[in-house]
Amino acid sequence: MELTWIQIIGTILAKFWLVWLSMAIVFALSIKFKRQLGLYGKMFDSTVAIAGFAIVLFWFFTAIYADALINFDPLAQISGMKNKVPGTPVAGMEDAWFLFGGDNLARDVYSRLIIGSRQVLIIAPAATAFAFMAGVTLGVPAGYYGGLYDTVMSFIANLVLSFPVILLFYLLVTPEIVETGIPVYMAAVLFLFPIVFVLILLNSRFYTQPGKRNLYIGIAAVIGLWAYLGLAFNLDPLGILYMDPNLLNIFVAVVFVNSPTVFRIVRGLVLDIQTRDYVAAAQTRGEGPWYVMLWEILPNARGPLIVDFCLRIGYTTILLGTLGFFGLGVSPESPDWGSTINEGRKLLSIYPHPALPPAFALMSLVLGLNLLADGLREESLKD
Amino acid sequence: MGMFILRRTGIMLLTALCLTFVVFYLTNLYPNLEKLAKSEGNMRMTDVQVQSWLDKNGYTQNLFIRYGEWLGVVPGFIYKHEDETVTGRCIRFSNTSETAPRFCGILQGDFGFSTTFKENVGPLIVRKLKLTGLLMLWAFLLYVPLALLLGVLAGMREGSKTDRSLSTFAIATSATPEYVSGVILIAVFSSSAFGLKWFKGTSASAMDNPGFANFTLPVLTIALFGIGYITRMTRASMAEVMTAQYIRTARLKGVSFPAIVIKHALRNALIAPFTIIMLQFNYLLTGVVITEILFNYKGFGWTLVQAAGNNDIELLLSCSIVAVFVVLVTQLISDIGYVYLNPRIRVS
């Protein structure tokens, strides 16, 4: 028996009970303790931010519970289900439906959508975080010292920014590029920034207490080196951390595209903040330049940076979708939203149902992040 | 001012040189050349044959020399075959080895030969740019005035219901990339599943005779993504101007609200959006590429994708020059325009 739209929505709402429960718990706890939670707690004073946070949280939990939420293997092709409309029952199975229909290869659109959320929600925030690390590590000294270093770095940042994004992707994300090893070299440089950042951060804070410093830096260096070898060179001695070459290629390209903008934002913020009195006070106390940069200036730039981080995750999601849309995605089979939209668009005027769910999913996630950023900006401007 | 423009032009040229060199380097990586050799020669070439094909066509020279040839500052590559015939970079079509010019790079106005479309790149690009220009023109005419209007309406009374709803609309559209809005538009307005067959889902016919049915959806797709950002920027700028002292003075002396908005606030509020519209070209280009692919409109963006997909080196380089220059020139216009619109800013 075919399901009506109301039944489809009902089935999905019931299926997502774990997600609703988790969201309810997070919201209840956050609202109860919102006065003790700083900026995060203040977010719950703004309707816009709550709406955005709810959407983001929904996708976050969907990605976490994805394995429990799907009905079918996202790669399995089930005979007789090719291009079937939403709500079609699967032949030969009790109580099994293709809730959002079947795609051109007779796979379940609903299950692919859910698993696809996991891909997006892992890659986009991680890539944004790496871009931030690179942007901050390079941008803070550029703003603080100025001079030749600033001129050169700003020129390079502008150079990357005036490159049309799409052209860069077509040049950087191809199977031929993977052969030359360029993504690995780029990863070797870009993945170094988080380690350098953390090491400088710890050193500038604890260099007066050598015992503590050596311990912290030792731990950070070991973990950093382990992750670095595994992610960039696929040389993890324990064999746990590993990145597929195609994934690495996409990841590096997205980080590369994002970091110059972060660089410019950070540089601008530092130029503004370094004229404050507390910076002068720290300099008079005789603090080292890196201490002033990372422990006096950077924490005071956190408001705009957090807002930009939210916006940038959304932008990165769009970029990843663009890559998938042009068939430059992780793999042709991959259920990520951009690739699914790309596959679905070919038969769009006859069967629109395979392309629409991922399109709406991507839109809602980015919308949620943008609303969240907007609400956060309003709240952080209040004090 | 003259010095400023001169310096900016210098930086612009340097940027363009660096960027084209990067493109040149990336398109000339060995795996790309191998792919090119196989698609130009034949698919089952051995490694030795690939090597000799590359030798004969000058692809194995030093990268800087080849970049110089492409620029037109180094004499073009010439290869003497065993049977005394001469082939080379500058020898093609009507030119024989005697009449061919020594230099043939972009400085001589020769943009090279497209291996995908089998024609000279120069005229090809011009033709495609005209098509894309038409698309962009209509999109601009649709969304820039609309976005400015919405932004001014939202920003003139900050926090009002109009402001809230317009801002939400703006956020929603800027969260919808072209490949999402385009897919939704096609599904709703041209698929048989929804039944509204108002427009066509493809614009291939719009290249010869653009009309309402085949051109609305691509224009709308580009406009929708751009509108949100400009609306938000105009709103922010307008809201800031409305809190200024001179606006309060005008209110206190009894000027009516519409008169304040139109006579006092508007000019100052539109300075920031102007620069932002100009700086948006980079993002717009990505949008145009997506839209053209989605609607099969064979303009500049479509050509760029074909060139990149087939590693058509000279076409890709010309595309990137055009793209980079559009971005840099609009940046320059934005800076100069900012100075003219805002007399408080002086460039020294």
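Criteria and thresholds
- Residues numbered from 1 in each chain as written.
- Chains lettered and ligands numbered in written order.
- Predicted model: local features only at pLDDT ≥ 70, side-chain atom pairs only at ≥ 80, totals over all residues.
- Heavy atoms only, no water.
- Domains from an automatic or database assignment.
- Buried area = accessible area lost by both parts, 1.4 Å probe.
- Salt bridge = Lys/Arg side-chain N within 4 Å of Asp/Glu carboxyl O.
- Polar contact = N/O pair within 3.5 Å; in protein donor to acceptor, adjacent residues only side chain to side chain.
- Helix = DSSP H or I, 4+ residues; strand = E, 2+ residues; numbered from the N terminus.
- Nonpolar A, V, L, I, M, F, W, Y, C, P; charged D, E, K, R; others polar.
- Buried < 20%, exposed > 50% of the residue type's maximum accessible area, 1.4 Å probe, protein only.
- Contact = heavy atoms within 4.5 Å.
- Phe/Tyr/Trp six-rings, centres within 6.5 Å; stacked < 30°, edge-to-face > 60°.
- Lys NZ or Arg CZ within 6 Å of the ring centre and 35° of its normal.
- Axes fitted to C-alpha atoms, helices over the stretch in contact; angles between N-to-C directions.
- Parallel < 35°, antiparallel > 145°, perpendicular 65-115°, else oblique.
- Left-handed = near helix turned anticlockwise from the far one by under 90°.
- Patch = residues over 30% accessible without salt bridge, like charges linked within 9 Å, V, L, I, M, F, W, Y side chains within 5 Å.
- Areas by Shrake-Rupley, 256 points an atom, 1.4 Å probe, with all protein chains shown as cover.

A. Representation of the domain arrangement of chain A within the structure. Residue and element names in this part refer to chain A. Annotation of chain A at the domain level lists domain 1 (5-115 + 339-382) and domain 2 (118-313). Using only C-alpha atoms to locate each centre, domain 1 and domain 2 end up separated by 31 Å. It is Ala63, Ile115 and Leu369 in domain 1 that bury the most area against domain 2; as a group they hold 34% of the surface buried on that side. Remark: the boundary between domain 1 and domain 2 carries 1 salt bridge. In this structure, Asp67 and Arg118 form a salt bridge, with 3.4 Å as the shortest nitrogen-oxygen distance. Counting the contacts that link domain 1 with domain 2 gives 4 residue pairs in polar contact (both at pLDDT 80 or more).

B. Spotlight on the domain arrangement of chain B. Residue and element names in this part refer to chain B. By the assigned domains, chain B splits into domain 1 (2-119) and domain 2 (122-341). In this structure, domain 1 and domain 2 have C-alpha centres spaced 36 Å apart. Summed over both partners, the interface of domain 1 with domain 2 buries about 2400 Å², with 68% contributed by carbon and sulfur atoms. Counting every contact that joins domain 1 to domain 2 gives 1 salt bridge. A salt bridge links Arg127 to Glu119; the shortest N-O distance between them is 3.4 Å. The tally of links between domain 1 and domain 2 comes to 6 residue pairs in polar contact (both at pLDDT 80 or more). Here the side of domain 1 that touches domain 2 gets 12 residues from one element, more than from any other, and that element is helix H1 (residues 2-27). Here the residues of the side of domain 1 that touches domain 2 sort into 16 nonpolar, 9 polar and 5 charged.

C. The pattern of salt bridges, seen in detail. Residue and element names in this part refer to chain A. By the definition in use, this model includes 16 salt bridges over all chains. The salt bridge partner of Lys34 is Asp45, with a shortest N-O separation of 3.0 Å. Highlighted residues: Lys34 in the loop between helix H2 (17-32) and helix H3 (38-42) and Asp45 in the loop between H3 and helix H4 (47-64), separated in sequence by 11 residues. The buried category is assigned to Lys34, whose relative accessible area is 18%. By relative accessible area, which is 37% here, Asp45 ends up partly exposed. For the salt bridge of Arg285 with Glu296, the shortest nitrogen-to-oxygen distance reads 3.2 Å. Note that Arg285 is positioned in helix H14 (residues 277-285) and Glu296 in helix H15 (residues 289-300), a separation of 11 residues in sequence. For Glu296, a relative accessible area of 14% gives the class buried.

D. The interface of chain B and chain A, seen in detail. Taken together, the contacts link 51 residues of chain B with 44 residues of chain A. Summing the contributions of chain B and of chain A, the shared interface buries around 4000 Å²; its carbon and sulfur component is 78%. Remark: the boundary between chain B and chain A carries 2 salt bridges. Residues Asp374 of chain A and Arg232 of chain B are paired through a salt bridge, measuring 3.2 Å at the closest nitrogen-oxygen approach. The interface formed by chain B and chain A holds 3 residue pairs in polar contact (both at pLDDT 80 or more) in total. Broken down by secondary-structure element, the contributors of at least two residues to the side of chain B that touches chain A are H1, helix H2 (30-40), helix H6 (161-174), helix H7 (178-190), helix H12 (281-294), helix H13 (300-309) and helix H14 (313-341) of chain B. If you tally residues by element for the side of chain B that touches chain A, the top one is H1 of chain B, at 10 residues.

E. Main features of unusual backbone geometry. Phi is positive for Lys118 of chain B, which is not a glycine, with a value near 55°. One can find Lys118 of chain B in the loop between strand E3 (113-114) and strand E4 (119-120).

F. Region of the structure containing the environment of Ala206 of chain B. Residue and element names in this part refer to chain B. Among the structural elements, Ala206 can be located in the loop between H7 and helix H8 (212-242). Residues Ala206 and Tyr297, 91 residues apart in the sequence, show an inter-C-alpha distance of 7.3 Å. In contact with Ala206, other than residues within four places in its own chain, are Asn214, Phe215 and Tyr297.

G. Seen up close, the side chain of Ser339 of chain A. All names here are of chain A. Counting through the fold element by element, Ser339 comes out in helix H17 (residues 337-345). Under the relative-accessibility criterion, Ser339 is labelled buried at 6%. Among the polar contacts made by the side chain of Ser339, one reaches the side chain of Asp336 at a distance of 2.7 Å. When neighbours within four sequence positions are excluded, Ser339 is seen to be in contact with Gly324, Phe325, Gly329 and Ser334.

H. Examining the packing of aromatic side chains more closely. For the coordinates displayed, the defined rule picks out 31 aromatic pairs over all chains. Both rings, one in Phe27 of chain A and one in Phe53 of chain A, keep their centres 5.8 Å apart while their planes meet at 55°; by these two values the pair is tilted. Of this pair, Phe27 of chain A sits in helix H2 while Phe53 of chain A is found in helix H4, placing the two residues 26 residues apart along the sequence. Neither Phe27 of chain A nor Phe53 of chain A differs from the other in exposure class; each is buried. Arranged with centres 5.4 Å apart and planes meeting at 65°, the rings of Phe60 of chain A and Phe61 of chain A form a pair that is edge-to-face. Among the aromatic residues, those joined into a cluster by ring pairs are Phe16, Trp20, Phe58, Trp59 and Trp337 of chain A. Cation over ring: Lys128 of chain B sits above Phe117 of chain B, and NZ or CZ is 6.0 Å from the ring centre. Sitting above the plane of the Phe257 of chain B ring, Arg157 of chain B keeps its charged end 4.2 Å from the centroid.

I. Layout of the packing of helix H18 (residues 356-382) of chain A against H6 of chain B. Put simply, H18 of chain A and H6 of chain B touch, their axes get as near as 8 Å, and they point 135° apart. Between H18 of chain A and H6 of chain B, the interaxial angle falls into the category oblique. Regarding H18 of chain A and H6 of chain B, the two cross each other, and that crossing is right-handed. Residues Leu367, Asn370, Leu371, Asp374 and Glu378 of chain A of H18 of chain A pack against Arg164, Ile171, Ala172 and Ser174 of chain B of H6 of chain B. Considering only residue class, the contact of H18 of chain A with H6 of chain B consists of 4 nonpolar, 2 polar and 3 charged.

J. How the structure looks around a nonpolar patch on the surface. All names here are of chain A. Together, Trp5, Ile9, Leu13, Trp17, Trp20, Leu21, Ile25, Leu29, Phe33, Leu37 and Tyr40 make up an exposed nonpolar region whose accessible area comes to about 1100 Å². Elements with a minimum of two residues in the nonpolar patch: helix H1 (5-15) and H2. No other element matches the 5 residues that H2 contributes to the nonpolar patch. Tracing the sequence through the fold places Phe33 in the loop between H2 and H3. Phe33 sits in the partly exposed class, given a relative accessible area of 37%.

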